[in-house]
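Structural overview for review
Listed here are the chains, written in short residue letters.
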Amino acid sequence: MATSISNKIKKLREEIQQHNYSYYVLDEPAIPDVEYDKLMRSLQELEEANPNLITADSPTQRVGAKPIDSFPPAKHEVPMLSLGNVFDEAELEAFEIRIKDRLKRDINIDYTAEPKLDGLAVSLIYEKGMLVRGATRGDGATGEDITENIRTIKSIPLKLRKHKSLPKKLEVRGEVFMSKKGFDKMNAAARKKGEKTFVNPRNAAAGSLRQLDPRNTAKRPLDIYFYSATKIEELTNVTTQYESLQLLKEFGLKVCPEAKLVPGYRGCLSFYSEISKQRDKLDYEMDGVVYKVNDLALQNELGFVSRAPRWAVAHKFPAQEAITVVERIEFQVGRTGALTPVAKLEPVFVGGVTVSNATLHNMDEVQRKDVRQGDKVIIRRAGDVIPEVVKTVLKPGEKRSKSVQAPEVCPECGSDVVRIEDEAVIRCSAGLYCPAQRKGAIKHFASRTAMDIEGLGDKLVDQLVDEQLISSVQDLFYLQKDEICALERMGEKSASNLLAAIEASKQTSFERFIYSLGIREVGVATASALADYFPDLKTLLKADIEQLQNIDDVGPVVADNITSFIAQMHNREVIEALVEAGVRWKNKPKITNKKASLAGNTYVLTGTLEQLTRTSASEKLKQLGAKVTSSVSKKTTAVIAGANPGSKITKAEALGVKVLNEKDLLKLLKT
Ligand code: JCF
């Protein structure tokens, strides 16, 4: 009896450990969360009834220890090094030249390249596969023993997987970090409770690991990527850095999925520019990339200088945060009348550009951050996103100007400002009578994704409106050459080009036309869905809320925005005037519903097809009267999956939507 329970417990632990591996290391969850929770609960119940059978490596034993007064010191057998930095191509090339000089031979050098996470370096020791110690880097020679906190991080296995190459004792190193999503969620929760928030994910990760009560650490969304194992070439038969990462994965340790093997410093540079592009999309903060000579024998030959290896280097991104002073705070009026508070800054160089404006988003943010004129502030630039004010840096007792109040009238037109309950946004109430909103509407109309009027940029729209040459979008089509020429910095040639571009834009598509109207929350995708659904403008203008909600991607709010828009007389006049001015598009050939074999069916395509491209498959389905959408919902008839399908399959299964393969698709198309 006793053995059967102990067997059952063992089986459950193994099963849970396998699921942890699938989930964290392979990133391929094998079962739904609820199933996993069930397994955990069963194990907990069995262990509660049989406390003598609890072991330290049980998945239930992550949070065990009591709070402590301080962290004991933890000596590192092999020092934890720092990395040298390079900031540009020339410095990186010099790094490689130094390596070749040192090696006294001119060979091609491969590197592993990986993001440099902005977190906290840790060392973990596994003995006989069991996690026995976790330590911070400290000064490189001695860190702090934070084993109990490390144990609470779910993606860190308490026990490694069985593996023929697993050494008796293994020290691995990695970076503990907090995902951007986790950080945002945690801060939002803290804010709600009126608690202190963290400035950035790095501070949040560091603060979380330094909690004296592991129960606090357990509540924080911490994660880890491992990047090395000490003495791995002596302990196993791997000979390269990249292989060692693969081996760590097989041991059950999570390795950054973006890590790559690249040839030479030029390969490093391509990796750098690739990662720079992905940076905003990846769910973790990084402050650069790390390159390491791939060949472990070469690493040993190269050795160290002072406290950094000669065979590795960090290629840092340009600084993304800076301190400056708020000269004043303005409210800018956008296309929809929203008043956005903007901090006008003493110009400062951040991440490669000079920044003199930073958004404060809305009045709630202004109040929360309490930013005032004259304040010293930290500003942040994330990729191509508009710079934002992070927070103020104040000296205690500093004398400051008055706190910012929301304006009562629009700074552009003097009309009343309104705030809709439950919304953070304040708006000018004047609609298109407000010149700022009018300008915004015209800029949107002319933009590349809308009517695509080449050469009609923001500055020119401002000029045209200010000079009262136009006051609404349809006026563009009646502009005269001499009027345009009379504008400042406008030559005859540019004027002709502009007129030609305006003329050319008249021939457009239904979806561009819909999008260009600037209906609130009708973006490119929704405009395209509307154009697919309605055979022509006349039927669109008669649409009601129920009908609109039949369209995928159109919910009650957007449906309401559309009906309110088309109900307003002045919007109808604009639409009529545009058609009158000669704006045209081809109506789609009508598919007679009875003939079309797939009418009424909606498909979602995912993954790579072999015989067709996704676009051509989509075209063919549409020709047969089917709808093709991008997201799976209850209304989806079936998901058609090629190779390497994404999360859409999971969603389909969750909703009970049929999943077809390419063969099924070809059959469908033949019907
Ligand atoms: O992600 C990091 N912050 C990171 C730090 C990655 C690495 O591969 C590192 C590191 C610090 C030292 N490698 C070394 C040797």
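Residues numbered from 1 in each chain as written. Predicted model: local features only at pLDDT ≥ 70, side-chain atom pairs only at ≥ 80, totals over all residues. Heavy atoms only, no water.

1. Quick look at helix H14 (residues 458–466)
Where we set the bar: With a 1.4 Å probe rolled over the protein chains alone, any residue whose accessible area is under 20% of its type maximum counts as buried; one over 50% counts as exposed, and the rest are partly exposed. Secondary structure elements follow DSSP: runs of H or I no shorter than four residues count as helices, runs of E no shorter than two count as strands, and numbering proceeds from the N terminus.
Listed as buried for H14 are Leu460, Val461, Gln463, Leu464 and Val465. In the stretch just after H14, Gln468 is the one whose phi turns positive, near 60 degrees.

2. Remarks on the packing of helix H13 (residues 435–446) against H14
Relative placement of two packed helices is described by the angle separating their axes and the distance separating the axes. Applicable threshold: In this description, a line fitted to the C-alpha atoms serves as the axis of each element, helices being fitted only across the stretch in contact, and the angle between N-to-C directions of two axes falls anywhere from 0 to 180 degrees. With respect to orientation, any angle under 35 degrees is reported as roughly parallel, any angle over 145 as roughly antiparallel, any angle of 65 to 115 as roughly perpendicular, and every other angle as oblique. For any pair of crossing helices, the crossing counts as left-handed if the nearer helix is rotated counterclockwise from the farther one by less than a right angle, and right-handed if it is rotated clockwise. The contact criterion used is simple: two residues touch if any of their non-hydrogen atoms lie within 4.5 Å. Under the scheme applied, nonpolar residues are Ala, Val, Leu, Ile, Met, Phe, Trp, Tyr, Cys and Pro; charged residues are Asp, Glu, Lys and Arg; polar residues are all the others, including Gly.
In contact at an axis separation of 10 Å, H13 and H14 are set at 135 degrees when each is read in the N-to-C sense. Classified by the angle between their axes, H13 and H14 sit oblique to one another. The handedness of the crossing between H13 and H14 is right-handed. Contacts between H13 and H14 pair Arg438, Lys439, Ile442 and Lys443 from the former with Asp458, Val461, Asp462, Val465 and Asp466 from the latter. Its residues assigned to classes, the contact of H13 with H14 comprises three nonpolar, no polar and six charged.

3. So, the nonpolar core
Filter applied, for reference: In this description, a nonpolar core means a group of buried Ala, Val, Leu, Ile, Met, Phe, Trp, Tyr and Cys residues linked to one another through side-chain atoms lying within 4.5 Å.
Counting residues in each nonpolar core, the largest one holds 53 residues, and the members touching the most others are Ile453, Leu456, Leu476, Leu530, Leu548 and Leu578. Secondary-structure elements contributing two or more residues to this core are H13, H14, helix H16 (492–505), helix H17 (510–516), helix H18 (524–533), helix H19 (537–541), helix H21 (556–567) and helix H22 (569–580). Here this core takes five residues from H21, the largest share from any one element. In this view, Leu530 contacts Ile514, Val522, Leu540, Leu548, Ile551 and Ile562; residues no more than four positions away in its chain are not counted. With 36 residues, the next largest nonpolar core counts Leu120, Leu124, Ala205 and Leu253 among its residues.

4. Quick notes on the confidence of the model for the protein chain
Put simply, the test is: Across the chain, each position has a pLDDT score giving the predictor's confidence in that residue, from 0 to 100.
On average, residues of the protein chain score 91 in pLDDT, and 97% of them reach the 70 mark or higher. Across the protein chain, the secondary-structure element scoring lowest on mean pLDDT is helix H23 (residues 614–623), at 81, and the one scoring highest is strand S8 (residues 222–229), at 98.

5. Observations regarding the pattern of salt bridges
Applicable threshold: For this analysis, a salt bridge means a side-chain nitrogen from Lys or Arg found within 4 Å of a carboxyl oxygen belonging to Asp or Glu.
All chains considered together, the criterion is met by 29 salt bridges. Residue Glu274 is joined to Lys277 by a salt bridge in which the shortest nitrogen-to-oxygen separation is 3.3 Å. With Glu274 and Lys277 both in helix H10 (residues 264–278) and three residues apart, this pair spans about one turn of that helix. Residue classification places Glu274 among the partly exposed positions, given a relative accessible area of 38%. Among the salt bridges present, the one from Glu492 reaches Lys481, with a minimum N-O distance of 3.7 Å. Here Lys481 lies in helix H15 (residues 481–485) and Glu492 lies in helix H16, a separation of eleven residues in the sequence. Lys481 gets classed as partly exposed once you look at its relative accessible area, which sits at 32%. Each of Asp370, Arg372, Asp375 and Arg400 takes part in salt bridges that share partners, so that together they form one network.

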